[in-house]
Amino acid sequence: QLRLTEYGGGLVKAGDSLTLRCVASGVGWGTTAGVYTAYGLGWFRQVLGKERELISAINSPGTATYYDASVKGRFTISRDNAANTVYLDMNSLKPEDTAVYWCAASFTQMVAREKSYYDYWGQGTQVTVSS
């Protein structure tokens, strides 16, 4: 079993940058390095009243990525498997980026674009971008 914890949300102004990170630990494994190795990872967000949507994903070795059109060119996903951490660097933030952001892990190890492929979820972190 995998436990995911997001960090880095907060209140910023339009045009600012913010980095989210999601740290994994294995239940019963503690913080053993390499916990993330077997999983594809994704970042989702949900605006109040809307569906949770995938905005970025990365495969297990970190060699392939996916970005939704709404964030492409502004957000960058990366991972450090040795540190059990996945990052989402968010630049040129806009008020419409305001949402709760979740990280998730998928057994598929690939770039998984469907929410149903994800097996573990963090608790979510709020990002608010003021105009």
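What counts, and where the lines are drawn
Residues numbered from 1 in each chain as written. Predicted model: local features only at pLDDT ≥ 70, side-chain atom pairs only at ≥ 80, totals over all residues. Heavy atoms only, no water. Core = buried A, V, L, I, M, F, W, Y, C linked by side-chain atoms within 4.5 Å. Buried < 20%, exposed > 50% of the residue type's maximum accessible area, 1.4 Å probe, protein only. Helix = DSSP H or I, 4+ residues; strand = E, 2+ residues; numbered from the N terminus. Contact = heavy atoms within 4.5 Å. Salt bridge = Lys/Arg side-chain N within 4 Å of Asp/Glu carboxyl O. Pairing = 2+ DSSP bridges. Axes fitted to C-alpha atoms, helices over the stretch in contact; angles between N-to-C directions. Disulfide = S-S within 2.5 Å.

Concerning the nonpolar core
Stage number 1. Within the largest apolar cluster, 27 residues are counted, with the highest numbers of intra-cluster contacts made by Leu4, Trp43, Phe75, Leu88, Met90 and Tyr101.
Stage number 2. Going through the elements one at a time, β1 (2-7), β3 (18-26), β4 (40-46), β5 (53-58), β7 (75-80), β8 (85-90), β9 (99-106) and β11 (125-130) are the ones with two or more residues in this core.
Stage number 3. Filtering out sequence-adjacent residues up to four positions away, Tyr101 remains in contact with Glu6, Leu20, Phe44, Arg45, Ile55, Phe75, Leu88, Met90, Gly124, Thr125 and Val127.
Stage number 4. Core analysis: the second largest hydrophobic core is formed by eight residues, Phe44, Tyr66, Ala104 and Ala112 among them.

Here we look at the pattern of salt bridges
Stage number 1. Tallied over the full model, the rule gives four salt bridges.
Stage number 2. Two residues, Glu51 and Lys115, come together in a salt bridge whose shortest N-O distance is 3.9 Å. Placement of the pair is Glu51 in the loop between β4 and β5 and Lys115 in the loop between β9 and β10 (120-121), with a sequence separation of 64 residues.
Stage number 3. Under the relative-accessibility criterion, Lys115 is labelled partly exposed at 35%.
Stage number 4. Its salt-bridge partner being Asp97, residue Arg74 comes within 2.7 Å of it at the nearest N-O pair. Here Arg74 is found in the loop between β6 (65-67) and β7, whereas its partner Asp97 is found in the loop between β8 and β9, with 23 residues between them in sequence. The same class applies to Arg74 as to Asp97, namely buried.
Stage number 5. Each of Arg45, Glu53, Arg74 and Asp97 takes part in one network of salt bridges that share partners.

Describing the sheet that holds β1
Stage number 1. With antiparallel pairing, four strands are arranged side by side in an open sheet as β1-β3-β8-β7. Single-partner strands in this sheet number two, and they are β1 and β7. Going from strand to strand, the sheet's axes swing by 15 degrees on average, the running direction of each strand aside.
Stage number 2. Both β1 and β3 contribute to a ladder of six bridges, which runs antiparallel.

Side note on the state of the cysteines
Stage number 1. Applying the stated criterion to the full structure yields one disulfide.
Stage number 2. Covalent S-S linkage joins Cys22 and Cys103, the inter-sulfur distance amounting to 1.8 Å. Of the two residues, Cys22 sits in strand β3 while Cys103 sits in strand β9, which places them 81 residues apart along the sequence.
Stage number 3. Residue classification places Cys22 among the buried positions, given a relative accessible area of 0%.
Stage number 4. Residue class for Cys103 comes out buried when judged on its relative accessible area of 1%.

Keep in mind that these numbers describe shape and distance, not what the molecule does.
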